[in-house]
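# Residue-level structure breakdown
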Amino acid sequence: MKKILICNIYKMYTTTSIVKAFKKFGFMVKENNYYIGNEISNEEKLERMLLSDLKSDNYDFVFTINYSPIVSKTCYKSNCKYVSWTYDTPMNLFSMETLDNPNNYVFIFDNAEYQKYKREGLDTVYYLPLATGFASDSYKIITYDYEVSFLGNLYRSTYPYLKEKLNEYHKGFLDGIITSQRNIYGSYFILDVLKAQESEIKDINRMIGIDLLPEQLSYSLAAYITYLDRLSILSIMSRQFNTALVTDSLEKEEIKLMSKLTVLPKKDYYNEMPEFFRKTKINLNPQFRAVWSAIPQRALDIMSSGGFLLSGYTEELAYYFENGKELILYDSIEDAVEKAYYYLKNDEIREEIKKAGCRKTNKYFTYENRIKEILQVIDIV
């Protein structure tokens, strides 16, 4: 029997569905947890642990959610195939040193990110959208608790802390970039701008006392924009509609800004989340703003559960789903609010859209679909 080792470096909620899918294709799955932190010493510990496990049995390949340079290096030493499937974009790699290891099969869910690595000449990367796995007939359940909801965190950014250390010129420089990006969906230009401004980055790093790479500063700005987006849309929606937020925590000032918002505790991914999506008339997906191309996991989960999706525009959502018939995309906070008004007033249209989105997602975005593609690429069927 074919056998694989799933190496859990992070606690990812989708692992359960991935394991089930591999088993459906006849694999014996060994799942080991390696939750060891990010320090260099822990990376060495991971390498020792994984080497020991690989020597103890014969595996067709090792699998991880998100790419790990340490796992790639260890598998290369052991002459074992390494398969990874990214859930984060960008991949947050400080170096591409291990990406061209010939044992690698790196599946990237973000087509823009995939194209970036292909332009670098890498033939170990492949494009593979995410998947979801809730009941295909779930859209038939129609009882609503809320008009609008968002399940997710507001995001916490280091930018306000960094900004305190900057002079007025550099504050204006970064604030101007943020303002420009906030008005644009379907594109993310911040990283390119920062890479082109080497002298500005040097000055910023000197003032804050940290040597940030353009990628790190870009992430901080993207997180801050996402925070502003989510705070704004929830504040406006909660004043107009019966709106709920499912999140880990809110600060006092945020609660004041959204005083009419119903705040709910975190939901279990498999047992509670799908029902919550079904019992909300409009489910928001204000995506992380650096994700301008990919289909976010949350969008697929909402539609697969039988929920109506109102999402920020991304290229791949618009490519794979028909806007206005299977989901609704917005390109500004004002546009989102206007569309929420319309679809709350038009129940029949909204219900047809959510049913169509559910059918499409559960037909073409299943874990069985994706695992089959992976197995075909690595030539193990």
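As the structure is a prediction and not an experimental result, all values here were calculated from the model.

Basis of the calculations
Residues numbered from 1 in each chain as written. Predicted model: local features only at pLDDT ≥ 70, side-chain atom pairs only at ≥ 80, totals over all residues. Heavy atoms only, no water. Helix = DSSP H or I, 4+ residues; strand = E, 2+ residues; numbered from the N terminus. Buried < 20%, exposed > 50% of the residue type's maximum accessible area, 1.4 Å probe, protein only. Contact = heavy atoms within 4.5 Å. Areas by Shrake-Rupley, 256 points an atom, 1.4 Å probe, with all protein chains shown as cover. Polar contact = N/O pair within 3.5 Å; in protein donor to acceptor, adjacent residues only side chain to side chain. Phe/Tyr/Trp six-rings, centres within 6.5 Å; stacked < 30°, edge-to-face > 60°. Salt bridge = Lys/Arg side-chain N within 4 Å of Asp/Glu carboxyl O.

With that settled, the discussion passes to the overall build of the protein chain. A tally of helices and strands in the protein chain yields 16 helices and 12 strands. Overall, the C-alpha framework of the protein chain stretches about 60 × 55 × 35 Å when taken along its three principal axes. Looking at the protein chain residue by residue over its 381 residues, the buried ones come to 54%. The long-range share in the protein chain, meaning contacts at least 24 apart out of those at least 6 apart in sequence, stands at 66%. Carbon and sulfur atoms make up 48% of the accessible area of the protein chain, which amounts to about 18100 Å² in all.

Here the focus is the side chain of Asn104. Residue position: Asn104 is located in strand β5 (residues 104–108). For Asn104, a relative accessible area of 1% translates into the label buried. One polar contact links Asn104 to Ser72, side chain to side chain, over a distance of 2.8 Å. Ignoring anything within four residues of it in the chain, the contact list for Asn104 reads Tyr67, Ser72, Tyr82, Thr98, Leu99 and Thr124.

What follows is about the packing of aromatic side chains. Inspection of every chain in the model, using the stated rule, returns 27 aromatic pairs. Look at Phe22 and Phe27: their rings are 5.8 Å apart centre to centre, the planes differ by 75°, and that puts the pair in the edge-to-face class. The exposure classification of Phe22 matches that of Phe27, with both residues buried. With 5.7 Å between their ring centres and 40° between their planes, Tyr67 and Tyr82 make a pair best called tilted. One end of the pair, Tyr67, is in the loop between β3 (61–65) and α3 (69–77); the other, Tyr82, is in strand β4 (residues 81–85), and 15 residues separate them in sequence.

Attention now moves to the pattern of salt bridges. For the coordinates displayed, the defined rule picks out 23 salt bridges. Lys360 serves as the salt-bridge partner of Glu326, at 3.0 Å between the closest nitrogen and oxygen. Within this pair, whereas Glu326 is found in the loop between α13 (315–320) and β12 (328–330), its partner Lys360 is found in helix α15 (residues 347–364), the two being separated by 34 residues in sequence. Under the relative-accessibility criterion, Glu326 is labelled buried at 13%. Here the salt bridges share partners, and the residues they tie into one network are Asp347, Arg350, Glu351 and Lys354.

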